[in-house]
Amino acid sequence: MSAESRLNPWVTHERLDDEVIAINLETGAYFAFSGVAADCWSLVVAGLDRAGAAAAIAERYGVDVERSRSDVSQFVTQLEAAGLIMGEADAGATPESVGLPTPNGPLAYTAPVVDSFEDLEDLLLLDPIHEVDEAGWPVAAAE
Amino acid sequence: MGAPPWKNHAVDLADGMSAAFERAAGATDAVFEREVHIGDHAVRLQFAAPALAARLWPAFAAFARSSTTPDLTISCWDRSATGVEPPPAPFSLTEFLPNGAVRGHIDDRVRVAQDAVMRMVTVYDRERRHAWVCVGDHSLIPLWVDRAPFRTILRWWADDSELAPMHASAVAVDGDGVLVTGASGSGKSTTCLACVAAGWSFIADDFCMVTTGSDPMVHPVYGLAKLEPDALVRLPSLAEHVVDPSAEQLVLDPGANISRGARLRAVLIPQLGSTTKTSVIPISAQEVFRELVPGSVLEGIGAGTQTLGTLAALLRRVPCARLDLGSDLDGVVAALRVVISGQS
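Trainee: I'm lost on the overall build of chain A in this one. Help?
Mentor: Helix and strand content of chain A: five helices and six strands. Tracing chain A from N to C terminus, the helices and strands come up as β-β-β-α-α-α-α-β-α-β-β. Relative to its full complement of 143 residues, chain A shows a buried share of 48%. Contacts spanning at least 24 positions in sequence make up 62% of the contacts within chain A whose residues lie at least 6 apart. Roughly 6900 Å² of accessible area belongs to chain A as shown, and the carbon and sulfur atoms make up 51% of that amount.

Trainee: Whenever I open this one, the sheet that holds strand β1 (residues 11–16) of chain A confuses me. Can you help?
Mentor: Strand pairing in a sheet relies on backbone hydrogen bonds. The paired strands run either parallel or antiparallel. On the basis of which strands lie adjacent, the open sheet formed by four strands has the order β1-β2-β3-β4 (chain A) and antiparallel pairing. Unpaired on one side and paired on the other, β1 and β4 (115–116) of chain A mark the two borders of the sheet.

Trainee: When you look at the confidence of the model for chain A in this model, what are you seeing that I'm missing?
Mentor: Fine structural detail should not be taken from predicted coordinates in areas where pLDDT scores are low. Residues and elements named next belong to chain A. When the pLDDT values of chain A are averaged, the result is 83; 86% of them are 70 or greater. Within chain A, the element-level pLDDT minimum falls on helix α5 (residues 120–124), averaging 43, and the maximum on helix α1 (residues 36–45), averaging 95. For residues 119–126, every residue scores under 50 in pLDDT, and the model assigns this stretch 20 contacts once sequence neighbours within four places are set aside.

Trainee: What am I meant to see in α1 of chain A here?
Mentor: Residues spaced three or four apart along an α-helix face the same direction, because each turn holds 3.6 residues. All names here are of chain A. The buried count for α1 comes to ten of ten residues, which makes it a mostly enclosed element. Within the span of α1, buried status applies to V36, A37, A38, D39, C40, W41, S42, L43, V44 and V45. Against β1, β2 (19–24), β3 (30–34), α2 (50–61), α3 (65–81) and α4 (95–98) lie the buried residues of α1. Once α1 finishes, G47 follows within two positions and takes phi at roughly 115°, a positive value.

Trainee: Please clarify how the pattern of salt bridges should be interpreted in this entry.
Mentor: A pair can form between side chains of opposite charge whenever their charged atoms are brought close. Taken as a whole and assessed by the stated rule, the structure comprises 27 salt bridges over all chains. Between D133 of chain A and R119 of chain B there is a salt bridge, with its nearest N and O atoms 3.7 Å apart. Separated into two different chains, D133 of chain A in the loop between β5 (130–132) and β6 (138–140) and R119 of chain B in the loop between β4 (110–115) and β5 (120–125) make up a pair that spans both. We classify D133 of chain A as buried; its relative accessible area is 10%. For R234 of chain B, the salt bridge identified is with D230 of chain B, shortest N-O distance 3.4 Å. One end of the pair, R234 of chain B, and the other, D230 of chain B, are both in helix α7 (residues 229–234), four residues apart, so they sit about a helical turn from each other. Look at R234 of chain B and you get partly exposed, because its relative accessible area is 44%. Residues joined by salt bridges that share partners form a network here, namely D15, R109, D125, E127 and R128 of chain B.

Trainee: Would you explain the environment of A37 of chain A in this entry?
Mentor: Residues and elements named next belong to chain A. Relative to the assigned elements, A37 resides in helix α1. On a C-alpha basis, the gap between A37 and E131 in space is 43 Å, while along the polypeptide they are 94 residues apart. Not counting residues up to four positions away in its chain, the partners in contact with A37 are F75, P112 and V113.

Trainee: Which parts of the structure should I look at to understand the packing of α1 of chain A against α3 of chain A?
Mentor: When two helices pack together, their arrangement is given by the angle between the helix axes and the distance between those axes. Residues and elements named next belong to chain A. Running from N to C, α1 and α3 cross one another at 70°; their axes reach a closest spacing of 11 Å. The orientation of α1 relative to α3 falls into the category roughly perpendicular. By crossing handedness, the relation of α1 to α3 is classed as right-handed. Between α1 and α3, the contacting residues are A37, C40, W41 and V44 on the first element and V72, F75, V76 and L79 on the second. Residue composition of the contact of α1 with α3, by class: eight nonpolar, no polar and no charged.

Trainee: How should I be thinking about unusual backbone geometry in this particular structure?
Mentor: Across residues other than glycine, the phi torsion is negative in most instances, and most of the peptide bonds are trans. Residues and elements named next belong to chain B. One non-glycine residue with positive phi stands out, namely R129, at about 50°. One can find R129 in the loop between β5 and β6 (130–135). If you check the backbone angles, D206 has positive phi at about 85° while not being a glycine. Its location among the elements puts D206 in the loop between β10 (201–204) and β11 (208–211).

Trainee: How do you make sense of the sheet that holds strand β1 (residues 32–38) of chain B when you look at a structure like this?
Mentor: All names here are of chain B. Sheet architecture is open: six strands sit in the order β1-β2-β3-β6-β5-β4, paired in mixed fashion. At either margin of the open sheet sits one strand with a lone partner, and together these are β1 and β4. Going from strand to strand, the sheet's axes swing by 15° on average, the running direction of each strand aside. Here β1 runs beside strand β2 (residues 41–48); their pairing, made up of seven bridges, is antiparallel. Looking at β2, one finds that R34 is bridged to L45.

The rules behind these values
- Think of each chain on its own: its residues are numbered from 1, step by step along the sequence as written.
- Labels follow written order: the first chain is A, the first ligand is 1, and so on.
- Residues qualify for local features only when their pLDDT is at least 70, as the model is predicted, and side-chain atom pairs are given and counted only at 80 or more; totals for whole chains, interfaces and linings, by contrast, use all residues.
- Water and hydrogen atoms play no part in the side-chain values, which are based on all heavy atoms of the structure.
- Helix and strand definitions follow DSSP, with helices as H or I runs of at least four residues and strands as E runs of at least two, each counted in order from the N terminus.
- Accessible area is worked out with a 1.4 Å probe on protein chains only. A residue is then buried under 20% of its type maximum, exposed over 50%, and partly exposed in between.
- Pairs of residues are marked as contacts when any of their non-hydrogen atoms sit within 4.5 Å.
- Residue-level accessible areas treat just the shown protein chains as cover; the underlying method is Shrake-Rupley with a 1.4 Å probe.
- Pairing between strands is defined by DSSP: at least two bridges between the two strands are required.
- Confidence scores per residue from the predictor, reported as pLDDT, run from 0 to 100.
- In what follows, salt bridge is the name for a side-chain nitrogen of Lys or Arg lying within 4 Å of a carboxyl oxygen of Asp or Glu.
- An axis is simply a line fitted to the C-alpha atoms; with a helix, the fit covers only the stretch in contact. Between two such axes, the angle follows the N-to-C directions and lies from 0 to 180 degrees.
- With respect to orientation, any angle under 35 degrees is reported as roughly parallel, any angle over 145 as roughly antiparallel, any angle of 65 to 115 as roughly perpendicular, and every other angle as oblique.
- For a crossing to be left-handed, the near helix must be turned anticlockwise from the far one by less than a right angle; the clockwise case is right-handed.
- Gly is placed with the polar residues, together with every amino acid not listed as nonpolar (Ala, Val, Leu, Ile, Met, Phe, Trp, Tyr, Cys and Pro) or charged (Asp, Glu, Lys and Arg).

So this is what it looks like as structure tokens:
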């Protein structure tokens, strides 16, 4: 299984320090994750399951694993609902293989959240005002 | 992910567009053909309609160079003028997305986009590095397209190269350039025009390419800039570069002041200040990352797989700053000069 086995193939993403931008190139929806959410994203797309990601987050941020497990689980559910990740986790993935950036100092913990900058539903289907020309291509409807 | 049934017909669509262009070329007196350079690459432009060439070629004219082996060919015709239709669409209406993309085409050999208002069909064959554009009627093309034609194709093509398209303006002095990005109305154009009026080289108004090789570079694509009427009040010396002073939308042709590329020294986000003085405030790469992504990647109609990575690589290496613009335009130019010198 590849290192990004859970990533929707239409999604491209990049991490810059503690910020991740993920874009669904098919729909134009884009998402930003920072801090805990960025770390969580990196762990999950690398294939870690909810428990594995939660344990890694708990250790990195020095928080109770039960709290981390609840927050990470909700975050992963949001990622799945947004269509960013799919499929099963990779049993062979480890936090060490992800290589999270080394922090400059103590890390502050906040529950990870998904920041979305587009409404997927609005982008998925053709605007119904269009008509079709002789060759079958959509054209703007006459006023 | 299951492939849509039309995917098997995408190469047929490209073949159909190629054949239609040949018919359109036969229906016109002459095909207007020129080559330009973008970065280290040659791009051949073919127009099977004089009126289309008259509108869309001037944006590229500053970068005309002869080449026998183009890396990209764009063949364009006008359906109204030639009577030649594009081949039938091999997909259903529900496959078209509002941004012009066709659902499911992104990673494939043939990419398709369609503008329902302009009635413009664009088909790009990545393997042949050849794009075909059928325009319903050149009179349906909005004026802004004249300054920046074929952006979708250039983004698709760049996605398979080391070039990364950026929604940003750029100017340079002595071979050192700055990328100026930000929302509309933030002072991007004013910043760059003030520099051009001061004798700097023009690189780009809103769209350019960057590379992140041994030395990050910014490359021009189009040689024209939009000019708001009030810009001439503040920068009267630019009047001599206006293409047509009576035009509905003023366009600046910097002529000899055009740069063919520059080393990239900084990425700047301007904002309108409240004093006469211009200040340069260093900001994080992440802040610029968020600012550049919507225009540089999301406008790409399915392109952007490489752009995001190039953008991050660029921002790791080039300083970023917010430019708090003062009303004294000489001060704006002086501030950029300090940024380029690396002393800010």
